[in-house]
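# Results of the structural survey
So the chains spell out like this:
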Amino acid sequence: MALRLLQHRAPDGSRSVVLADKDAAHVLPGVASIRDLAARAIADGTSLADTARACGTGAAVDLFAELTAGNFIAPIDHEDPAHLMLAGTGLTHLGSAEGRDKMHRDAAAAAHQTDSMRMFLEGLEGGKPADGAIGQQPEWFYKGDGSQLVGPTDALEMPVFAQDGGEEPELAGIYLIGADGTPFRLGFALANEFSDHVTERHNYLWLAHSKLRKASLGAELLIDEVPTDLHGTSRIVRDGKVLWKKPFLSGEDNMSHTLSNLEHHHFKYDLFRRPGDVHVHFFGTATLSFSDSVRTQEGDVFEIEAAPFTLPLRNPLTRAAGTDAPVSVKVL
């Protein structure tokens, strides 16, 4: 069905929510945010799709025209950014069959497996448990709060001290915590998880530093559907020409973990089940331009697209202004 919800912000600042079904899209009367719509669905005990349909039909919307005009924002937000959390899991995707075989051969031959290899193999063995069972926990990382989330056409800004700004094309789950602490998955969005791979490569224990960066979401929140075999394309455009391009896969069919297992190991912590909070969880990727020795530079544009999403995620790369000066702490 490919039902999608989008958040629209007009030039005057007024907001609305758009429901898209295949090629048709219209405004939902009386709805200003997807979070408000989701809260209504939770309170009424109905699905997000049924709640959206019950709102009626407003003005028709040209999705591509509004995206080009920059009028779509990320498909989830919170008026208090501290109550929106960005986090994710890594080493979750299988990659190509050749890559898997090589990893197994290298793992079997190595006298000492790296922690990354051990975690990958443990995920292959235990990341898809039987119904009702708890599987192997994945790598987990924190990216920041809602202040670090940008929309489908906004710039991805490197910190002034960053050594790299690299794309990570993937799928993200969007969640709202109910009044009783229950996590509700609203749907899925295309995402660019954006990391500093040079910092990470220097020392894997710097992974946490490399992840504290902006991240972007595509305009569309896919609802009423779970993409199990998602095929997409990731590219980098420099000076109007494609510098690098590669297909990527996502969805459970291409992962070593089930989504439910990844969700369990995130939401098993009480502090991540605070009523009213929003969570954006990045499920990982196996495709990076950095792996092909590409070094990005300011002005590059990251483009990510994948069906059943109809709109591309397109973010230019920038660097924060200023100098990398020491931060002084004052003693009271």
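These notes cover the structure that comes with them. Throughout, a residue's number is its position along its own chain's written sequence, starting from 1. Per-residue local features are limited, in this predicted model, to residues with pLDDT of at least 70; the limit for side-chain atom pairs, both in listing and counting, is 80 or more; totals at the level of whole chains, interfaces and linings are taken over all residues. Here the side-chain values reflect all heavy atoms present in the structure, with hydrogen atoms and water set aside.

### Concerning the overall build of the protein
For clarity, the cut-off: Starting at the N terminus, helices and strands are each numbered in turn, a helix being any DSSP run of H or I of at least four residues and a strand any DSSP run of E of at least two. The quantity called the radius of gyration is restricted to C-alpha atoms. Its globule counterpart is 2.2 Å times the number of residues to the power 0.38. Exposure classes here rest on a 1.4 Å probe applied to the protein chains alone. A residue is buried below 20% of its type maximum, exposed above 50%, and partly exposed in between. Should any heavy atoms of two residues lie within 4.5 Å, those residues are considered in contact. Per-residue accessibility takes into account occlusion by the displayed protein chains alone, with areas from the Shrake-Rupley method and a 1.4 Å probe.
Within the protein one finds 8 helices and 17 strands. Since a compact globule built from 332 residues should have a radius of gyration of about 20 Å, the 20 Å found for the protein is in line with a globular shape. Principal axes of the C-alpha set define a box for the protein whose edges measure 65 × 55 × 50 Å. Sorting the 332 residues of the protein into buried and exposed places 50% on the buried side. The contacts in the protein between residues at least 6 apart in sequence include a share of 74% that link residues at least 24 apart. Counting only carbon and sulfur atoms, one obtains 53% of the accessible surface of the protein, whose full area is about 15,700 Å².

### Points about empty space enclosed by the protein
We count it as follows: Here the term cavity refers to a set of points on a 1 Å grid, laid over the protein atoms alone, in which a 1.4 Å probe fits but cannot get out; the term pocket refers to an open set having protein on both sides within 12 Å along at least five of seven lines, with lining residues being those that place an atom within 4 Å of a point. Grid points are joined across faces, edges and corners, and a volume is the space filled by probe spheres set on the points. Ten residues, namely Ala, Val, Leu, Ile, Met, Phe, Trp, Tyr, Cys and Pro, are considered nonpolar, four, namely Asp, Glu, Lys and Arg, are considered charged, and the remaining ones, Gly among them, are considered polar.
In this structure the tally under the stated criterion is 1 cavity of 30 Å³ or more. As for the largest cavity, its lining consists of Asp164, Gly166, Glu167, His197, Leu288, Ser289, Phe290, Val294, Arg295 and Thr296. Of the residues contributing to the lining of the largest cavity, the split by class is 3 nonpolar, 4 polar and 3 charged.

### With respect to the pattern of salt bridges
Quick reminder of the rule: Here a salt bridge means any side-chain nitrogen of Lys or Arg lying within 4 Å of a carboxyl oxygen belonging to Asp or Glu.
One pass over the structure, following the stated rule, counts 18 salt bridges. For lysine 246, the salt bridge goes to aspartate 292, with nearest N and O atoms at 3.1 Å. Here the residue lysine 246 occupies a position in strand S14 (residues 241-250), and aspartate 292 occupies one in the loop between strand S15 (278-282) and strand S16 (301-306), the gap between them amounting to 46 residues. Lysine 246 gets classed as partly exposed once you look at its relative accessible area, which sits at 31%. Taking the relative accessible area as the measure of exposure, aspartate 292 reaches 35% and is therefore partly exposed. Across the salt bridge formed by arginine 273 and aspartate 270, the nearest N and O atoms sit 2.6 Å from each other. You can call arginine 273 partly exposed: its relative accessible area is 26%. Under the relative-accessibility criterion, aspartate 270 is labelled exposed at 58%.

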